[in-house]
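Architecture and fold: a report
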Amino acid sequence: MTEIKSKEIRFASAPEGMPNDSNFELAEVTIPEPKDGEFVVKNLWMSVDPYMRGRMTDRKSYIGGFVVGNALEGGAIGKVVQSNNSNFPEGTYVSSMLGWREYFLSNGDMMSPLEVHDGVPLQAYLGVMGMPGLTAYAGLFKIADLKEGENVFVSAASGAVGATVAQIAKLKGCYVVGSAGSDEKCKWLTDECGVDAVINYKSTDNLTATVAEKLPNGIDVYFENVGGDHLVAALESMNFFGRIALCGMISQYNATVMPEGPGNLINAVARSLRLEGFVVSNHFDQLGPFLNDMSGWIKDGKMQWKETIVEGLENAPQAFFNLFSGDNFGKMLVKLADD
Ligand SMILES: NC(=O)c1ccc[n+]([C@@H]2O[C@H](COP(=O)([O-])OP(=O)(O)OC[C@H]3O[C@@H](n4cnc5c(N)ncnc54)[C@H](OP(=O)(O)O)[C@@H]3O)[C@@H](O)[C@H]2O)c1
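Residues numbered from 1 in each chain as written. Predicted model: local features only at pLDDT ≥ 70, side-chain atom pairs only at ≥ 80, totals over all residues. Heavy atoms only, no water.

Burial along strand E14 (residues 307–311) is one-sided: Thr308 and Val310 are buried, and none of Glu307, Ile309 and Glu311, which face the opposite way, are. In the sheet, E14 pairs with strand E15 (residues 331–335) via five bridges, with the strands oriented parallel. Bridging from a neighbouring strand, Glu307 pairs with Lys331 of E15. For the segment spanning E14, helix H9 (residues 316–322) and E15, crossover handedness is right-handed. (Buried < 20%, exposed > 50% of the residue type's maximum accessible area, 1.4 Å probe, protein only. Helix = DSSP H or I, 4+ residues; strand = E, 2+ residues; numbered from the N terminus. Pairing = 2+ DSSP bridges. Right-handed = clockwise from strand over helix to strand, strands pointing away.)

Below is the structure:
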């Protein structure tokens, strides 16, 4: 078999504040020939995600930190190109956590062939049909206990998770307001996703007042992706027995000093609110119903999504940085190779 050289990006050092190029290192390795039971996967797409910033710190968390000197990890979709494993013949698509590299050798542990649904592009399994989509689904139904016709507010609403949240809530007959960081993103949310009202938080002087104005009947469910002033604003408008699904707080991921807590957290007591943090990996029991519902919504043209595609492994760090400046519009993807 032909020897395969593979580039990979390694974790070079832990960032202080906003990550930069010095925290990443490009290296090349030779992929060993697959022995009996092994196969080689060529990655076609990889994902960069905000949660990866958390793996660059030593904070106690649901997942271990990246190890300096090792290749980074993350969601990827690839294709088997050499195989000595009958469960993964050449041409099989696989979904793995072995992104940030062009190729890898596997013995099939922790891996299963990817079932590609009709009409769903491969890279969607890193977005609306993948981890971010499941996050939206589990967060809304299991954590926030969403009910028909409720008032929903979602932050980072044009992103991979947020846009899915907004549209699922609309499918459930809810009144939905989303916040995003540009007029273009806001326009897409209203025009294409059917969101009822939008807030460009970057051009709003008083986010708390704007949230109250756009949600005149208050908030039953706040889907929290951003933290900081967004959480304060949502807490001010929460209805009695409201639920806040704490999915992420991207505004704080690069903070070098502990951000101040929301001064109005007392509203959670006075209004009997439930605030619950969650991590998607604890909700894989929802995968079956999620894939079933989501593939149906996509087939019926009821789910829209945006993608920002960066080409080439060497540009993956910049794609990752762009998540924190809002330079992505929808799911941020790195295309590594043509299918
Ligand atoms: N709990 C879980 O299991 C889980 C799983 C997946 C994702 N998440 C969380 O869900 C959130 C969204 O993730 P995603 O993958 O869908 O990313 P995304 O929304 O596609 O991309 C990140 C977006 O966050 C916004 N943003 C960045 N910095 C911000 C700031 N300082 N203030 C306000 N908005 C800011 C930007 O959009 P704007 O232009 O709108 O600012 C950016 O495009 C993140 O907090 C992530 O950590 C959690």
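The next thing to look at is the domain arrangement of the chain. Looking at the chain, the domain boundaries give domain 1 (4–127 + 306–335) and domain 2 (131–282). Relative to domain 2, the C-alpha centre of domain 1 lies at a distance of 29 Å. Counting residues at the interface gives 21 residues for domain 1 and 16 residues for domain 2. Interface area for domain 1 against domain 2, summed over the two sides, is near 1400 Å², with a carbon-plus-sulfur share of 64%. The interface formed by domain 1 and domain 2 holds zero salt bridges in total. Put simply, domain 1 and domain 2 have four residue pairs in polar contact (both at pLDDT 80 or more) between them. (Domains from an automatic or database assignment. Contact = heavy atoms within 4.5 Å. Buried area = accessible area lost by both parts, 1.4 Å probe. Salt bridge = Lys/Arg side-chain N within 4 Å of Asp/Glu carboxyl O. Polar contact = N/O pair within 3.5 Å; in protein donor to acceptor, adjacent residues only side chain to side chain.)

Right, let's talk about the site of the ligand for a bit. Neighbouring the ligand are 27 residues; Lys185, Tyr201, Tyr253, Val280 and Asn328 lie closest to it. The separation between an oxygen atom of the ligand and a polar main-chain atom of Val161 is 2.8 Å. The separation between an oxygen atom of the ligand and a polar side-chain atom of Lys185 is 2.6 Å. Protein chains bury 92% of the 900 Å² of accessible surface belonging to the ligand in isolation. When residues of the shell around the ligand are traced back to their parent elements, those giving at least two are helix H2 (131–143) and helix H3 (160–171). Lining the shell around the ligand are residues from two domains, each supplying at least three of them: domain 1 (4–127 + 306–335) and domain 2 (131–282). (Near = heavy atom within 4 Å. Areas by Shrake-Rupley, 256 points an atom, 1.4 Å probe, with all protein chains shown as cover.)

Here we come to the pairing of strand E11 (residues 219–224). The element E11 is extensively covered by neighbouring structure, given that six of its six residues are classed as buried. Relative to E11, strand E8 (residues 151–154) runs parallel, the two sharing three bridges. Residue pairing in the sheet places Phe153 in a bridge with Tyr222 of E11. Taken together, the five bridges between E11 and strand E12 (residues 238–246) define a ladder with parallel strand orientation. For Tyr222, the partnering residue across the bridge sits in E12 and is Ile244.

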